Amino acid sequence: MGKVALVTGGSRGIGEAISIALQNAGYSAVASYAGNDQAAKAFTEKTGIPAYKFDVADFNACKEAVAKITADVGPVDILVNNAGITRDGTLQKMTPEDWQAVIQTNLSSCYNMCKNVIDGMRERGFGRIVNIGSINGQAGQYGQVNYAAAKSGIHGFTKALAQEGASKGITVNAIAPGYVETDMVRAVPEKVLEKIIAKIPVGRLGQVEDISRAILFLVADEASFITGSTMSINGGQHMY
Ligand code: NAP
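Cut-offs applied
Residues numbered from 1 in each chain as written. Predicted model: local features only at pLDDT ≥ 70, side-chain atom pairs only at ≥ 80, totals over all residues. Heavy atoms only, no water. Helix = DSSP H or I, 4+ residues; strand = E, 2+ residues; numbered from the N terminus. Buried < 20%, exposed > 50% of the residue type's maximum accessible area, 1.4 Å probe, protein only. Contact = heavy atoms within 4.5 Å. Areas by Shrake-Rupley, 256 points an atom, 1.4 Å probe, with all protein chains shown as cover. Lys, Arg positive; Asp, Glu negative; His and termini not counted. Charge placed at Lys NZ, Arg CZ, Asp CG, Glu CD. Near = heavy atom within 4 Å. Polar contact = N/O pair within 3.5 Å; in protein donor to acceptor, adjacent residues only side chain to side chain. Nonpolar A, V, L, I, M, F, W, Y, C, P; charged D, E, K, R; others polar. Arc of directions from axis to C-beta. Axes fitted to C-alpha atoms, helices over the stretch in contact; angles between N-to-C directions. Parallel < 35°, antiparallel > 145°, perpendicular 65-115°, else oblique. Left-handed = near helix turned anticlockwise from the far one by under 90°. Patch = residues over 30% accessible without salt bridge, like charges linked within 9 Å, V, L, I, M, F, W, Y side chains within 5 Å. Salt bridge = Lys/Arg side-chain N within 4 Å of Asp/Glu carboxyl O.

Quick question: what am I supposed to make of the overall build of the protein chain here?
Of the regular secondary structure elements, the protein chain holds nine helices and seven strands. Across its three principal directions, the C-alpha atoms of the protein chain cover 50 × 40 × 35 Å. Among the 240 residues that make up the protein chain, the fraction classed as buried is 49%. Across the protein chain, contacts joining residues at least 24 apart in sequence account for 71% of those joining residues at least 6 apart. Accessible surface for the protein chain amounts to roughly 11,600 Å². Of this, 54% is attributable to carbon and sulfur atoms. A gap of 3 Å separates the mean positions of the 22 positive and 22 negative side-chain charges of the protein chain.

Quick look at the structure:
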């Protein structure tokens, strides 16, 4: 069996494409999800990839899940921190709950997951971590102070952890997707979406495979000199 590759939020959207790409490339892919049992069941039936249900915002739940995955499948060599949510609204309308939920799910999750795999990676002298940021963490976005702050935080987290892992064979990189056609983006009102697409130089939304192919590149054994980087995949919308 290939190296164990855990993808948080790996049962739907971008994460699903990442899980499948990793499996097709010979890794032992494992996905996690939050609560959509129906989607997770359909995903596992279709792919054979196990899906573990736990909240990435909850440190102890992550600790227990990593221990279970290690026992069931093997130690995690590759971690893709992909799980994320939006709770959009201008600052005036944003509740403390909306702020906390987005920070915890998108940013604290990176701590919660990395903290529970890093010792094993250091001991084995190998690790690949990819965190999914966002164009809106690079450029900001109206109505998303919570999301932009969390994603921007991911980019700093990535660079700091990359420095800590570098001498131990652990690379830590981020991908900053632009607008990719998933449930998250389908939830955006059509008129807003039309305006967004008009600003994308390649003239279309991204597809999930546009992101998963970059993951394969970053997690490869041969990618050992690429660390602390952010790959922007956005159709030319924001060159950063
Ligand atoms: P999505 O279709 O909404 O799927 C989100 C996935 O994350 C689902 O598997 C979901 O599980 C899981 N998840 C959500 N909250 C979780 C939690 N607390 N604990 C564990 N799992 C959780 O999202 P997506 O559009 O594929 O986005 C994936 C990532 O890319 C996110 O980090 C997002 O911010 C980022 N991103 C997306 C876009 C875009 O245009 N789509 C652009 C830039 C960045 P359930 O199925 O159980 O709900």
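Just to check I follow, could you spell out the site of the ligand for this structure?
The local shell around the ligand holds 29 residues, among which G35, N82, Y147, V180 and T182 are the closest. With respect to the ligand, the side chain of S11 contributes an N or O atom lying 3.2 Å from an oxygen atom. Backbone polar atom of V180 to an oxygen atom of the ligand: 2.7 Å apart, as the coordinates give it. Here the ligand, which alone exposes 900 Å², has 93% of that area covered by the protein. Those elements giving two or more residues to the shell around the ligand turn out to be α1 (13-24), α6 (145-165) and α7 (183-186). A class-by-class count of the residues in the shell around the ligand yields 14 nonpolar, 12 polar and three charged.

Looking at this structure, how should I read the side chain of S11?
Here S11 shows up in the loop between β1 (4-7) and α1. Judged by its relative accessible area of 6%, S11 is buried. Excluding residues within four positions of it along the chain, S11 makes contact with E16, A31, S32, Y33, A39, A40 and F43.

Any chance you could explain helix α2 (residues 37-47) here in plain terms?
Because each turn of an α-helix spans 3.6 residues, side chains separated by three or four positions end up pointing in the same direction. The set of residues buried in α2 consists of A40, F43 and T47. Projected down its long axis, α2 shows its buried positions confined to an angular sector of 60 degrees, all on one face. Those residues of α2 that are exposed and angled more than 90 degrees off the buried face are Q38, K41, E45 and K46. Tucked inside the fold, the buried residues of α2 contact α1, β2 (28-33) and β3 (51-53).

Please explain the packing of helix α4 (residues 96-124) against α6 as it appears in this structure.
Packed helices, taken two at a time, are described by the angle between their axes plus the distance between the axes. Across the interface, α4 lies against α6 with an axial gap of 8 Å and an inter-helix angle of 15 degrees. Regarding the angle of α4 to α6, the classification is roughly parallel. Between α4 and α6 lies a crossing of right-handed hand. Across the interface between the two elements, D98, W99, V102, I103, N106, L107, C110, Y111, C114, I118 and R122 from α4 touch V145, N146, Y147, A149, A150, K151, G153, I154, F157, L161 and E164 from α6. Grouping the amino acids of the contact of α4 with α6 by side-chain chemistry returns 15 nonpolar, three polar and four charged.

Which parts of the structure should I look at to understand a nonpolar patch on the surface?
A cluster of nonpolar residues, L91, W99 and V145, forms a patch on the protein surface that exposes about 280 Å² of accessible area. Tracing the backbone through its elements, the reader meets V145 in helix α6.

In this structure, what is going on with the pattern of salt bridges? I would like to understand it.
A side chain with one charge may pair with a side chain of the opposite charge, provided their charged atoms come close. In total, this model carries nine salt bridges according to the counting rule given. Linking E45 and K41 is a salt bridge whose minimum nitrogen-to-oxygen distance equals 3.2 Å. On the criterion of helical spacing, the pair formed by E45 and K41 is a turn pair, its members being four residues apart in helix α2. We note that E45, like K41, is exposed. The salt bridge partner of D210 is R204, with a shortest N-O separation of 3.0 Å. D210 gets classed as partly exposed once you look at its relative accessible area, which sits at 24%. A relative accessible area of 41% means that R204 is categorised as partly exposed.

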